[in-house]
Amino acid sequence: AQSVAQPEDQVNVAEGNPLTVKCTYSVSGNPYLFWYVQYPNRGLQFLLKYITGDNLVKGSYGFEAEFNKSQTSFHLKKPSALVSDSALYFCAVRDNNQGGKLIFGQGTELSVKP
Amino acid sequence: GAGVSQSPSNKVTEKGKDVELRCDPISGHTALYWYRQRLGQGLEFLIYFQGNSAPDKSGLPSDRFSAERTGESVSTLTIQRTQQEDSAVYLCASSTEHTGELFFGEGSRLTVL
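Residues numbered from 1 in each chain as written. Chains lettered and ligands numbered in written order. Predicted model: local features only at pLDDT ≥ 70, side-chain atom pairs only at ≥ 80, totals over all residues. Heavy atoms only, no water.

Participant: So what exactly am I meant to see when it comes to the side chain of A:Asp85 here?
Facilitator: By the secondary structure assignment, A:Asp85 is in the loop between strand 9 (73-78) and strand 10 (87-95). If near-sequence neighbours (up to four positions away) are discounted, A:Asp85 is found in contact with A:Leu19, A:Phe63, A:Lys78, A:Ser80, A:Leu110 and A:Val112. (Helix = DSSP H or I, 4+ residues; strand = E, 2+ residues; numbered from the N terminus. Contact = heavy atoms within 4.5 Å.)

Participant: What am I meant to see in the interface of chain A and chain B here?
Facilitator: The parts lose accessible area when they come together, and the size of an interface is often stated as this lost area. If you look at the interface, chain A gives 22 residues, while chain B gives 20 residues. For the chain A and chain B pair, buried surface summed over both sides reaches about 1,600 Å², with 55% attributable to carbon and sulfur atoms. Applying the counting criterion to the chain A and chain B interface returns two salt bridges. Between B:Glu101 and A:Lys49 there is a salt bridge, with the nearest N and O atoms lying 3.3 Å from each other. If you list the elements that add at least two residues to the side of chain A that touches chain B, you get strand 5 (31-38), strand 6 (44-50), strand 10 and strand 11 (102-104) of chain A. A total of four residues in the side of chain A that touches chain B trace back to one element, the largest contributor, which is strand 5 of chain A. Among the residues forming the side of chain A that touches chain B, the class breakdown is eleven nonpolar, seven polar and four charged. (Buried area = accessible area lost by both parts, 1.4 Å probe. Salt bridge = Lys/Arg side-chain N within 4 Å of Asp/Glu carboxyl O. Nonpolar A, V, L, I, M, F, W, Y, C, P; charged D, E, K, R; others polar.)

Participant: Hey, could you run me through the nonpolar core in this one?
Facilitator: One broad trend across soluble globular proteins is that nonpolar side chains are buried collectively. Ranked by internal contacts, the top residues of the largest apolar core, which has 49 residues, are A:Trp35, A:Phe104, B:Tyr35 and B:Phe104. For this core, the element with the highest residue contribution is strand 10 of chain A, accounting for seven residues. (Core = buried A, V, L, I, M, F, W, Y, C linked by side-chain atoms within 4.5 Å. Buried < 20%, exposed > 50% of the residue type's maximum accessible area, 1.4 Å probe, protein only.)

Participant: How do you make sense of the state of the cysteines when you look at a structure like this?
Facilitator: This model, assessed by the stated rule, comprises two disulfides over all chains. Each disulfide pairs two cysteine sulfurs, and for A:Cys23 the partner residue is A:Cys91, the sulfurs being separated by 2.0 Å. Across the disulfide from A:Cys23 to A:Cys91, rotation about the S-S bond amounts to roughly -65 degrees, and the bridge is consequently left-handed. In this pair, A:Cys23 is assigned in the loop between strand 3 (19-21) and strand 4 (24-26) and A:Cys91 in strand 10, connecting sequence segments 68 residues apart. A single burial state applies to A:Cys23 and to A:Cys91, both of which are buried. With its sulfur 1.9 Å from that of its partner, B:Cys23 forms a disulfide with B:Cys92. Looking along the S-S bond of the B:Cys23-B:Cys92 disulfide, the torsion reads about -70 degrees, which is the left-handed sense. Note that B:Cys23 is positioned in strand 3 (residues 19-24) and B:Cys92 in strand 8 (residues 88-95), a separation of 69 residues in sequence. Here B:Cys23 and B:Cys92 have matching classes, each one buried. (Disulfide = S-S within 2.5 Å.)

Here's what the structure looks like:
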């Protein structure tokens, strides 16, 4: 069965510093990987996805993520954090050998302080 | 409309009552998902519809939960004999294809007293 783990409930960074939000996954086939962001009292918004090709994926708001097959990871990164990046971040995985069900991690609360 | 629309946005009900939540996906989106998000927690997969294929119901927590979708349009999630633990935000999302990103609605907040 497919699964996804976000080992950190919360990540704290200072504004201007680089940030990383971790995600690892488990699938039987090839993964499709996604990151979403949820701002307070708002719906989820798509950030980026990895389907195939270049392991480094660039997305919205300056975020990027690196697909690492050997470590089964898809960590979200940004070179310089903004206070406005503070939100709840979700990693999600779809096993393309098991249909289209998309499974989400438990989420990581990112807090960026000035 | 341009986005995924869910109704009602808020629903307060008494324990034991049935509730029905509605989702209007983006036109042309063949895939539709329902998730549940309890306060302070992650997204729990409930059910997935893809075109005319049989839905993936593997996430429905009990037989009190059911969902239907008419073709590639509206979906309804029905919860029978609601319990307090059903209180959550129910999120609907749709997408165009197997590799496509999901577009989420604003959710229906259900409170069971």
